[in-house]
Amino acid sequence: MATAATTASKKAKKTAKVHNYSWKGINRKGVRTAGKIKATTQTEAKLKLRKQGVSTTKLTKLSEPWFNFDSIKPMDIALVTRQLATMLSSGVPLVQSYQIVADGHDKAPMRELLASINQEIQAGVPVADSLRLHRKYFDDLYCDLVAAGELSGSLDAIFDRIATYLEKTEALKSKIKKAMLYPIAVIVVAMVVTLLLLLFVVPQFQDIFSSFGHELPAFTLFVLKISVFVQSYWTFIIGGAIAAVMLFKRAHKNSAKVRDKTDHALLKFPVIGPILHKSSVARFSRTLATTFNAGVPLLEGLDSAAGASGNAYYRNALKTVKGEVEAGLMLYVAMNSTGVFPNMLVQMVMIGEEAGAIDEMLNKVASVYEREVDDAVDGLTSLLEPIMMVVIGTLVGGLIIAMYLPIFQLGSIV
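Counting restarts for each chain, with residues numbered from 1 along the sequence as it is written. Where local features are concerned, this predicted model is filtered to residues with pLDDT of at least 70; where side-chain atom pairs are given and counted, the filter is 80 or more; whole-chain, interface and lining totals use all residues. Side-chain measures were taken over the full set of non-hydrogen atoms in the model, leaving aside hydrogen atoms and water.

Undergrad: Would you explain the pattern of salt bridges in this entry?
TA: If charged atoms from side chains of opposite charge come close, those side chains can pair. The term salt bridge refers to a side-chain nitrogen of Lys or Arg lying within 4 Å of a carboxyl oxygen of Asp or Glu. Within this structure, the stated rule accounts for 14 salt bridges. The shortest N-O distance in the salt bridge between R286 and E370 comes to 2.9 Å. With R286 in helix α11 (residues 272–293) and E370 in helix α16 (residues 358–413), this residue pair connects regions lying 84 residues apart in the sequence. There is no split in this pair, since R286 and E370 are both buried. Secondary structure follows DSSP: runs of H or I at least 4 residues long count as helices, runs of E at least 2 residues long count as strands, and numbering of each begins at the N terminus. When a residue's accessible area, from a 1.4 Å probe over protein chains only, is under 20% of the maximum for its type it is buried; when over 50% it is exposed; and in between it is partly exposed.

What follows is the structure in structure tokens.
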């Protein structure tokens, strides 16, 4: 019963959302003071302040801003982790390391975050547990690795591994975003330009054509009908597009089924699909190597790798692998039986298991696929530039030709 209660308490602590509170009070010296603190509830905030010797007179929960241009990014976490690893490896105590890194950071939210973590550590809370209070910035993988480092007494080495993992992961994510956003941005620009031409330019030609007194070319009539339709229903068109995007985002956020189908569909896209395949392989290989190197049990590492893969196709496959490994199969046999993973990865894992160096083999696989993603994205960018120019030229040029065809015909009649 006690064990069950402890487990339930830990789960509740993991899922509780951390809020910002503004407080006013009186410290041990009787001086009025004020500040901000992070906690899951008002009661927890008051307890934290009481430990600091503050008698609270006013405590207010702060609302979260809609837009925060100074928000904490994943690369900020990677940079801070790298700085902590450097400090700890140089012999600087943990509390002092957090204080130095916090004081030297440019972003106020990051300074507040590090100060809050440091307060917890000074109060005797383990580092991993203090990080779990800020799950928005530190996921299960990060916290589990830190917990393993605390148990083994090698926090400096663990922070170094985490920093390397985050740096490589974020660099890979940046490449994928570049590959996805560039064509989307160009297509959106082409659609906006076309819409503006249909709304404002084509109607001017329509007034001119009404005085010609002869039949217009079929292509011109087609464009004019599209223009009339857009002029009549442009609010519905734009509103419908925005509503469709918002509904899809909401469904994608709330429905695992929608997310899974989207992930599977993206992998089948020409050109983009192979890049996403390689990206997922690189990400889960790097994650599994990091957890294995840190001493995290293989089954827990497979859970972390499944979540880090970034795609439901590979996440489900890794969960299947975990079940088969739990049943007693070798890792490479379980991976090969799914038919999902590349042959090179399976062979490298087999060599790693036989040689007792799975983490080293997985790191090599991750590096290979990361390089392939880099090359593919660079090639995609070079390929897409002329294609996008052709698309924009066809749309805009087609509208111009449609408008000038009647003028050309009128000239030939004269």
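Undergrad: So what exactly am I meant to see when it comes to the nonpolar core here?
TA: Nonpolar side chains in soluble globular proteins tend to end up buried together. The criterion is simple. A nonpolar core is a set of buried Ala, Val, Leu, Ile, Met, Phe, Trp, Tyr and Cys residues joined through side-chain atoms within 4.5 Å. F284, V321, L331, M335, F341 and L345 are the most contacted members of the largest nonpolar core, which has 40 residues in total. Counting residues per element, this core draws most heavily on α16, which supplies 10 residues. When sequence neighbours within four positions are dropped, the list of residues in contact with F284 reads A305, S309, Y314, L318, M335, F341 and L345. One finds A85, I117, Y165 and L166 within the second-largest nonpolar core, a separate group that totals 35 residues. We call two residues contacting when some pair of their heavy atoms lies within 4.5 Å.

Undergrad: What exactly am I supposed to notice about the layout of surface pockets here?
TA: Rolling a probe over the atoms, with the probe sized like a water molecule, indicates the empty space that remains. In the cavity and pocket records, a cavity denotes points on a 1 Å grid over the protein atoms alone where a 1.4 Å probe fits but cannot get out, a pocket denotes an open set with protein on both sides within 12 Å along at least 5 of 7 lines, and lining residues are residues with an atom within 4 Å of a point. Grid points are joined across faces, edges and corners, and a volume is the space filled by probe spheres set on the points. Quantified by volume, the largest pocket comes out at close to 1300 Å³. For the largest pocket, the lining is made up of 41 residues, of which M180, L181, I184, F248 and L266 are closest to its centre. Within the residue set of the lining of the largest pocket, elements represented by two or more residues are α8 (155–209), α9 (218–254), α10 (256–267), α11 and α16. With 14 residues, the top contributor of residues to the lining of the largest pocket is α8. Gly counts as polar in this scheme, as do all residues outside two lists: the nonpolar Ala, Val, Leu, Ile, Met, Phe, Trp, Tyr, Cys and Pro, and the charged Asp, Glu, Lys and Arg. Class assignment of the residues belonging to the lining of the largest pocket gives a composition of 27 nonpolar, 8 polar and 6 charged.

Undergrad: I'm lost on empty space enclosed by the protein in this one. Help?
TA: Throughout the structure, instances matching the rule amount to 1 cavity of 30 Å³ or more. As a volume, the largest cavity reaches approximately 30 Å³. In this structure, the largest cavity is lined by V80, L84, Y98, L114, L131, F138, Y142 and F159. Along the lines of polarity and charge, the residues of the lining of the largest cavity split into 8 nonpolar, no polar and no charged.

Undergrad: Is there a simple way to think about the packing of aromatic side chains in this case?
TA: Each aromatic pair joins two rings of Phe, Tyr and Trp (for Trp, the six-membered one) with centres within 6.5 Å, and gets the label stacked for planes under 30 degrees apart, edge-to-face for over 60, and tilted for any other angle. Considering all chains together, one arrives at 7 aromatic pairs under this definition. Considering the side-chain rings of Y233 and F236, the 6.2 Å spacing of their centres and the 55° angle between planes classify their relative orientation as tilted. With a gap of 3 residues between them, Y233 and F236 both fall in helix α9, about one helical turn apart. Ring plane angle 50° and centroid distance 6.2 Å describe the contact between Y314 and F341, whose orientation is recorded as tilted. Of the two residues, Y314 sits in helix α13 (residues 312–326) while F341 sits in the loop between α14 (331–338) and α15 (343–355), which places them 27 residues apart along the sequence. The residues Y314 and F341 share a single accessibility class, namely buried.

Undergrad: Explain the side chain of N118 here, please?
TA: As for its position among the elements, N118 is in helix α5 (residues 108–122). With a relative accessible area of 2%, N118 lands in the buried category. By the criterion applied in these results, polar contacts are pairs of N or O atoms within 3.5 Å in which, for protein atoms, one can donate a hydrogen and the other can accept it, and in which residues neighboring in sequence qualify only through two side-chain atoms. There is a polar contact of 3.2 Å between the side chain of N118 and the backbone oxygen of V95. Once residues within four sequence positions are removed from consideration, N118 is found in contact with V95, Y98 and Q99.

Undergrad: For this particular structure, what's the right way to read the packing of α11 against α13?
TA: Pairs of packed helices are described in terms of their axes, by the angle between the two and the distance that separates them. Interhelical geometry of α11 versus α13 gives an angle of 40° and a closest axis separation of 10 Å. When the interaxial angle is binned, α11 and α13 end up oblique. By crossing handedness, the relation of α11 to α13 is classed as right-handed. Mapping the contact onto sequence places H277, S280, V281 and F284 in α11 and Y313, Y314 and L318 in α13. Of the residues that constitute the contact of α11 with α13, the class distribution is 5 nonpolar, 2 polar and no charged. Note on method: axes are straight lines fitted to C-alpha atoms, helices fitted across the in-contact stretch only, with angles between N-to-C directions ranging 0 to 180 degrees. Orientation categories follow fixed angle ranges, with anything under 35 degrees roughly parallel, anything over 145 roughly antiparallel, 65 to 115 roughly perpendicular, and all other angles oblique. Crossings are assigned a handedness: left-handed for a near helix turned anticlockwise from the far helix by less than a right angle, right-handed for a clockwise turn.

Undergrad: For this particular structure, what's the right way to read helix α7 (residues 140–152)?
TA: Residues three or four positions apart in an α-helix share a direction because the helix packs 3.6 residues into each turn. One fewer than the residue count of a helix, multiplied by 1.5 Å, yields its expected span. A rise of 1.5 Å per residue sets the reference length of α7, with its 13 residues, at 18 Å; its end C-alpha atoms lie 18 Å apart and thus fit the reference within 8%. Residues L141, Y142, C143, L145, V146, A148 and G149 constitute the buried set of α7. At its buried positions, α7 is contacted by α3 (74–89), α6 (127–132), α8, α11 and α12 (298–308).

Undergrad: I would appreciate a short explanation of the environment of F292 in the present structure.
TA: Mapped onto the secondary structure, F292 falls in helix α11. Under the relative-accessibility criterion, F292 is labelled partly exposed at 32%. Expressed as a C-alpha distance, the spacing of F292 and T194, which sit 98 residues apart in the sequence, is 53 Å. Beyond its immediate sequence surroundings of up to four residues, F292 is in contact with L298, I358 and D359.

Undergrad: Hey, could you run me through the confidence of the model for the chain in this one?
TA: Detailed reading of the predicted coordinates is not advisable wherever pLDDT falls low. Residue-level confidence of the predictor, termed pLDDT, takes values from 0 up to 100. Chain-level pLDDT for the chain is 82 on average; 92% of the residues reach the 70-or-more range. Looking across the chain, the model is least confident in helix α1 (residues 2–15), with a mean pLDDT of 40, and most confident in α3, with 91. Across residues 1–15, where pLDDT falls below 50, the model places 5 contacts with residues more than four positions away in sequence or in other chains.

Undergrad: Explain the sheet that holds strand β3 (residues 55–61) to me, please; I cannot follow it from the model alone.
TA: Any two strands are treated as partners once DSSP identifies two or more bridges connecting them. Spatially, 3 strands are ordered β2-β1-β3 in an open sheet, and the strand pairing comes out antiparallel. Each edge of the sheet is formed by a strand with only one pairing partner; in this case those strands are β2 (32–39) and β3. Averaged over all neighbouring strand pairs, the angle between strand axes comes to 25°, with direction disregarded. As judged from the 6 bridges shared by strand β1 (residues 19–26) and β3, these two strands associate in the antiparallel manner. Bridge pairing in β3 links I26 to S55. Here helix α2 (residues 42–51) sits on the sheet in contact with β1, β2 and β3, set at roughly 130° to β2.

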